[in-house]
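One-letter residues, chain by chain:
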Amino acid sequence: MVVSGDGMTNYPYILFNQSPEDLRRIGARGGRAYGRNRRALRAPAHPPPEALERPVPHRETAAEAIATLDAQFSWLRGAGEPTSVSSPRRLPLSSSAGR
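Structure report, in brief. Because the structure is predicted, anything quoted here is derived from the model rather than measured.

### Some details on the packing of aromatic side chains
For the structure shown, the criterion picks out one aromatic pair. Consider the rings of Phe73 and Trp75, whose centres lie 5.6 Å apart with planes at 85°: the pair is edge-to-face. Assessed through its relative accessible area of 63%, Trp75 is described here as exposed.

The following block contains the structure:
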């Protein structure tokens, strides 16, 4: 077996004793294989799948959740709302406070 470092084939004897037509056919085979391989490399691996519209599940909004809770627990309706606050209560000042 002949091993060369210049990239030539390890079997050079296949090119000897060939007619010009045989050599042309061998070369054409290599050219077709080269072209086929180049096209395969340039082509995308897989065509992109068509965009599928997935159904969006219904997500309950805060307003819907509040309405559901108000329907279930009517006595608590409006419990989360702030009540009106009158002026803050002040403690009576004593004469000994802060001294």
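### What about a nonpolar patch on the surface?
Judged by side-chain polarity, Tyr13, Ile14, Leu15, Phe16 and Leu23 come together as a nonpolar surface patch covering roughly 530 Å² of accessible area. Within the element layout of this structure, Phe16 appears in the segment before helix H1 (20–42).

### As for the pattern of salt bridges
This model, assessed by the stated rule, comprises two salt bridges. Its salt-bridge partner being Glu21, residue Arg24 comes within 3.1 Å of it at the nearest N-O pair. Taken together, the positions of Arg24 and Glu21, both in helix H1 and three residues apart, correspond to about one turn of that helix. A relative accessible area of 48% means that Arg24 is categorised as partly exposed. With a relative accessible area of 43%, Glu21 lands in the partly exposed category. A salt bridge links Asp22 to Arg25, with the shortest nitrogen-to-oxygen separation between them at 3.0 Å. With Asp22 and Arg25 both in helix H1 and three residues apart, the pair spans about one turn of that helix.

Rules of the game
- Residues numbered from 1 in each chain as written.
- Predicted model: local features only at pLDDT ≥ 70, side-chain atom pairs only at ≥ 80, totals over all residues.
- Heavy atoms only, no water.
- Phe/Tyr/Trp six-rings, centres within 6.5 Å; stacked < 30°, edge-to-face > 60°.
- Buried < 20%, exposed > 50% of the residue type's maximum accessible area, 1.4 Å probe, protein only.
- Patch = residues over 30% accessible without salt bridge, like charges linked within 9 Å, V, L, I, M, F, W, Y side chains within 5 Å.
- Areas by Shrake-Rupley, 256 points an atom, 1.4 Å probe, with all protein chains shown as cover.
- Salt bridge = Lys/Arg side-chain N within 4 Å of Asp/Glu carboxyl O.
- Helix = DSSP H or I, 4+ residues; strand = E, 2+ residues; numbered from the N terminus.

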